[in-house]
Amino acid sequence: MNERLHSVLAQRGVPPESLAEACGVDPKTVSRWLGGRVPHPRHRFRVAQHLRVEETFLWPAPQPRTGRPAAGSGAELVGTYANRASVPREMWLSLLREARREIGVLVFSGTFFAQSNPHVAKMLAERAADGVRVRLCFGDPAGRAVAVRGREEGIGDALAAKIRASLTYYRSLLSEKGSEVRLHDTTLYTSMFRYDDHLLVNPHIWGQPASANPLLHLRRVDASGWFDNYAQSFDAVWAGARPWTPNQEGMAAHGQD
């Protein structure tokens with residue numbers, strides 16, 4: 001069964017019959033797609049266009065069973081998005097739900113991560129309870145890097161305030177075994193969202209908020225590709241970050257008022 005196609009149809013409020021009409025096929029054909037059959041390329045394109053979703057999200061390319069892709073072939077690149085808002089909400093939810101080993105988030109404020117999914121903390125707690133390692137790394141609101149980034153974006157202290165507001169969503173995670181929240185004070189060239197062997201990379205353009213910048217969807221192929229380079233940078237930032245202690249943050253915020 002194609003759960004992603006089912007979910008996107010439900011989210012968009014599009015009945016299978018309407019999709020069949022839009023693609024010029026019989027409703028039974030759409031039923032077979034929902035059951036797992038992969039459509040003809042021209043139908044895949046029309047479905048993705050009609051539902052406003054990436055074709056590779058609905059029908060991911062199968063992993064090669066033998067051999068390795070040639071270096072520099074871009075085999076790890078699953079899809080690209082003009083900005084973070086272009087990524088379907090169902091894709092964020094599916095990647096989170098389907099993670100079995102590791103979830104990692106590296107951002108400054110990551111406000112959208114909770115605001116676009118009010119149940120994100122509960123879902124992360126459930127994944128941690130199932131043995132998934134959960135690591136969330138936010139910018140240190142009292143750090144130099146956040147102050148510099150705030151000035152570059154022209155929002156001053158607002159970025160630090162956004163981080164403190166965003167952190168409040170994750171207090172409950174601190175008591176969950178297997179989950180951890182830290183604060184970093186590094187120059188952040190890209191935000192990252194890792195779900196096992198899938199990585200969403202959101203580069204930062206000077207002076208613009210991360211949300212306005214492109215996003216790349218990578219899938220790990222081997223240890224010499226883009227995925228591992230980004231994953232290693234995540235680990236380096238994580239190693240130098242400090243654990244988040246809400247009480248200390250509260251006192252620091254009060255001291256700045």
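No experiment lies behind these values; they were computed from the predicted model shown. (Residues numbered from 1 in each chain as written. Predicted model: local features only at pLDDT ≥ 70, side-chain atom pairs only at ≥ 80, totals over all residues. Heavy atoms only, no water.)

## Some thoughts on unusual backbone geometry
What counts is decided by this rule: The numbering of helices and of strands both runs from the N terminus, where a helix is a DSSP run of H or I of at least 4 residues and a strand a run of E of at least 2. Only protein chains enter the accessibility calculation, which uses a 1.4 Å probe. A residue is then buried if its area is under 20% of the maximum for its type, exposed if over 50%, and partly exposed in between.
A positive phi angle, near 55°, is found at Arg52, a position not held by glycine. Structurally, Arg52 can be placed in the loop between helix H4 (41-51) and helix H5 (55-58). Owing to a relative accessible area of 59%, Arg52 belongs among the exposed residues under this scheme. Phi is positive for Asp196, close to 55°, though the residue is something other than glycine. Structurally, Asp196 is set in the loop between strand S5 (190-195) and strand S6 (198-203). Of the residues examined, Asp196 reaches a relative accessible area of 10% and is grouped as buried.

## Some thoughts on the environment of Glu180
Threshold: Note on contacts: a residue pair qualifies if any of its non-hydrogen atoms lie within 4.5 Å across the two residues.
With respect to the helices, strands and loops of the structure, Glu180 is situated in strand S4 (residues 179-184). Residue Glu180 is classed as partly exposed on the basis of its relative accessible area of 30%. It is 9.9 Å that separates the C-alpha atoms of Glu180 and Gly104, two residues lying 76 residues apart in sequence. Non-local contacts of Glu180, meaning those with residues more than four positions away in its chain, are made with Val134, Arg135, Leu136, Trp238 and Pro243.

## Focus: the confidence of the model for the chain
The test is simple: Confidence of the predictor at the level of single residues is given by pLDDT, which spans 0 to 100.
The share of residues in the chain with pLDDT of 70 or more is 91%, and the mean pLDDT across the chain is 86. In this model, residues 63-73 is a region of pLDDT below 50 whose contacts with residues beyond four sequence positions or in other chains number four contacts. Predicted confidence is poor over residues 250-257, with pLDDT under 50, and the contacts of this stretch with residues over four places away or in other chains come to three contacts.

## Observations concerning the side chain of Ser109
One can find Ser109 in the loop between strand S2 (102-106) and helix H7 (111-115). Here Ser109 falls in the buried class, since its relative accessible area comes to 8%. Apart from residues lying up to four places away in sequence, Ser109 is in contact with Phe138, Leu159, Lys162, Ile163 and Ser166.

## As for the sheet that holds S5
Keep this limit in mind: For two strands to pair, DSSP has to find at least two bridges joining them. Fitting a line to C-alpha atoms yields each axis, with helices limited to the stretch in contact; the angle taken between N-to-C directions then spans 0 to 180 degrees.
Across the sheet, which stays open at both edges, the eight strands sit in the order S1-S7-S6-S5-S2-S3-S4-S8 with mixed pairing between neighbours. If you trace the sheet from one side to the other, it starts and ends with strand S1 (77-81) and strand S8 (242-243), each paired once. Pairing geometry for S4 and S8, over two bridges, is antiparallel. Note on S8: the bridge partner recorded for Arg182 is Pro243. The sheet strands contacting helix H8 (residues 120-129) are S2, strand S3 (133-139) and S4, and the helix crosses S3 at an angle near 140°.

## Focus: the nonpolar core
Our working rule: Throughout this description, the term nonpolar core refers to a set of buried Ala, Val, Leu, Ile, Met, Phe, Trp, Tyr and Cys residues connected via side-chain atoms within 4.5 Å.
Formed by 69 residues in total, the largest nonpolar core has its most connected members in Leu51, Phe113, Leu124, Tyr170 and Tyr195. Ignoring sequence-local partners within four residues, the contact set of Tyr170 consists of Phe113, Ala114, Val120, Leu124, Leu136, Phe138, Val181 and Trp244.

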